Amino acid sequence: MIPFRLTALVALGLASGVALADVRVEGPVEYGIFESQYQDYQPGERVLTRSNQTIQPTDEIPAKLGTKFGMRYTLVGKQEKDTPLTLLYLTPGVISPDGKRHDKFVVEQKMAPGAPTDVMAFEFTEHYEVVPGEWQFMVFQGDRLLARQRFTVR
């Protein structure tokens, strides 16, 4: 009977250790519009910002050039060798200049263990990207969904 208990305790200890090693979101997920003082955006122009940029909380996004929206979150348990993140942007149908329709954009992002926060954002830098409708952002690690946010672009 004692060997069975010991085996069960060891198995539970290993299982809990595996659970603790999982990458997970800790704390609140900030989402909305990344605020900027810059006003006169031109097509193709990107404005460099800091990682601690203020986010105006909203899921209603103005359909205009220069708008940057998304989410910022804290991941714990990150290690450089971990499975990278997959950032999935579902769009209402962005038509690029070559005439192709893009219902999704997929970005693979390596783990950054030293980064205190992670960001998933989209910035309207070209007129053809400014598409009204529902946009959905999802962060995966492998097949595990870590964060999701829906936005309505109007």
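Anyway, here's the lowdown on the structure attached to this text. (Residues numbered from 1 in each chain as written. Predicted model: local features only at pLDDT ≥ 70, side-chain atom pairs only at ≥ 80, totals over all residues. Heavy atoms only, no water.)

Observations regarding the environment of alanine 112
Note that alanine 112 resides in the loop between β6 (101-109) and β7 (118-123). The sequence separation of alanine 112 and lysine 81 amounts to 31 residues, and the corresponding C-alpha distance is 9.8 Å. (Helix = DSSP H or I, 4+ residues; strand = E, 2+ residues; numbered from the N terminus.)

Brief notes about the side chain of aspartate 82
Among the secondary structure elements, aspartate 82 is positioned in the loop between β4 (68-76) and β5 (85-95). One buried charged residue, aspartate 82, remains without a salt bridge, the closest side chain of opposite sign being lysine 81 at 4.7 Å. A polar atom in the side chain of aspartate 82 sits 2.8 Å from the backbone nitrogen of glutamine 79. The contacts of aspartate 82, once residues within four sequence positions are left out, are Val23, Gly77, Met111 and Gln141. (Buried < 20%, exposed > 50% of the residue type's maximum accessible area, 1.4 Å probe, protein only. Lys, Arg positive; Asp, Glu negative; His and termini not counted. Salt bridge = Lys/Arg side-chain N within 4 Å of Asp/Glu carboxyl O. Polar contact = N/O pair within 3.5 Å; in protein donor to acceptor, adjacent residues only side chain to side chain. Contact = heavy atoms within 4.5 Å.)

Notes on the pairing of β6
As judged from the 8 bridges shared by β5 and β6, these two strands associate in the antiparallel manner. Looking at β6, one finds that leucine 88 is bridged to valine 106. (Pairing = 2+ DSSP bridges.)

Notes on the pattern of salt bridges
Under the counting rule described, the total for this entry stands at 5 salt bridges. Of the charged contacts, one joins arginine 72 and glutamate 30 as a salt bridge, the two residues approaching to 2.9 Å between their closest N and O atoms. Residue arginine 72 is found in strand β4, and its partner glutamate 30 is found in strand β1 (residues 24-34); the two are separated by 42 residues along the sequence. For arginine 72, a relative accessible area of 7% gives the class buried. The partner of glutamate 60 in a salt bridge is arginine 154, with the nearest N and O atoms 2.4 Å apart. Residue glutamate 60 is located in strand β3 (residues 60-61), and its partner arginine 154 is located in the segment after β9 (144-153); the two are separated by 94 residues in the primary sequence. According to the relative accessible area criterion, glutamate 60 is partly exposed, its value standing at 34%. Taking the relative accessible area as the measure of exposure, arginine 154 reaches 62% and is therefore exposed.

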